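# Residue-level structure breakdown
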Amino acid sequence: MARFNILWRIVVEAVDVEEAQATADEVARLAGIEGMPPVARYEEPPQWMTDVVMSEEAEETACLFGKCLARAGRLGNEWLAAALSDLAEGGECYATFNASERNRPKVAGLKWALVEVWAASHDM
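In what follows, the accompanying structure is described. (Residues numbered from 1 in each chain as written. Predicted model: local features only at pLDDT ≥ 70, side-chain atom pairs only at ≥ 80, totals over all residues. Heavy atoms only, no water.)

With that out of the way, let us pick up the nonpolar core. Core analysis: the largest hydrophobic core is formed by 35 residues, its most contacted members being Trp8, Ile10, Ile33, Leu75, Trp79, Leu110 and Val117. Contributing elements (two or more residues each) for this core: strand 1 (2–13), helix 1 (17–31), strand 3 (47–58), helix 2 (61–72), strand 5 (93–98) and strand 6 (110–119). Ranked by residues supplied to this core, first place goes to helix 1 with six residues. Leave out the neighbours within four places in its chain, and Val117 touches Phe4, Asn5, Ile6, Thr61, Leu64, Phe65, Cys68, Gly91, Glu92 and Cys93. (Core = buried A, V, L, I, M, F, W, Y, C linked by side-chain atoms within 4.5 Å. Buried < 20%, exposed > 50% of the residue type's maximum accessible area, 1.4 Å probe, protein only. Helix = DSSP H or I, 4+ residues; strand = E, 2+ residues; numbered from the N terminus. Contact = heavy atoms within 4.5 Å.)

Next comes the structure, spelled out in structure tokens:
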């Protein structure tokens, strides 16, 4: 089995840090994200962001990415997957979620999310 890195990054909208942290904690719980650090102010108030890189073993990138997408689906339905052509060579791939009127998140306050997977051997 190979070792992979998984980046989870989320942006939430909240009136204060307590509400933002509660939203981030719920996102982490639903998606099975471990070790998510506290939220910090993002580019535009009232947005907050946090991210974490986790490590996991899997047979190949595609299997782990599929598992991540299944977990991401607990947060919202329409994720845009990209860089899939690199899967055969063990490259990185990612998916993003953008909340909208048509694409509502399953956690109130979640505005944007990213999950990215790459082989740990590709780290510099």
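Following the structure, the description resumes.
A word on unusual backbone geometry. In this structure, Pro46 follows Pro45 across a cis peptide bond, with omega equal to 5 degrees. We note that Ala83 has phi near 65 degrees; this positive angle belongs to a residue other than glycine. Along the polypeptide, Ala83 turns up in the loop between strand 4 (79–82) and strand 5. A residue is classified by how much of its surface remains accessible, and Ala83, at 29% relative accessible area, is partly exposed.

The subject of this paragraph is the sheet that holds strand 3. One open sheet accounts for six strands, arranged 2-3-1-6-5-4; its pairing is antiparallel. Across the chains shown, the open sheet's two edge strands, defined by having one partner strand only, are strand 2 (40–41) and strand 4. Bridge analysis of strand 1 against strand 3 gives twelve bridges, and the strand direction is antiparallel. Across the sheet, Val11 pairs through a bridge with Met49, a residue of strand 3. Contacts from helix 1 reach strand 1, strand 3 and strand 6, with the element oriented near 145 degrees to strand 1. Helix 2 rests against strand 1, strand 3, strand 4, strand 5 and strand 6 of the sheet, and its axis sits at about 25 degrees to strand 1. (Pairing = 2+ DSSP bridges. Axes fitted to C-alpha atoms, helices over the stretch in contact; angles between N-to-C directions.)

Time to look at the pairing of strand 1. Bridge analysis of strand 1 against strand 6 gives nine bridges, and the strand direction is antiparallel. Across the sheet, Leu7 pairs through a bridge with Glu116, a residue of strand 6.

As a further point, take the packing of aromatic side chains. Applying the stated criterion across every chain yields a total of one aromatic pair. Here Trp79 and Phe97 contribute two aromatic rings whose centre-to-centre distance is 5.6 Å and whose plane-to-plane angle is 35 degrees, an arrangement assigned as tilted. Pair noted here: Trp79 is in strand 4 and Phe97 is in strand 5, with a separation of 18 residues, a long-range link. Both residues of the pair, Trp79 and Phe97, belong to the buried class. (Phe/Tyr/Trp six-rings, centres within 6.5 Å; stacked < 30°, edge-to-face > 60°.)

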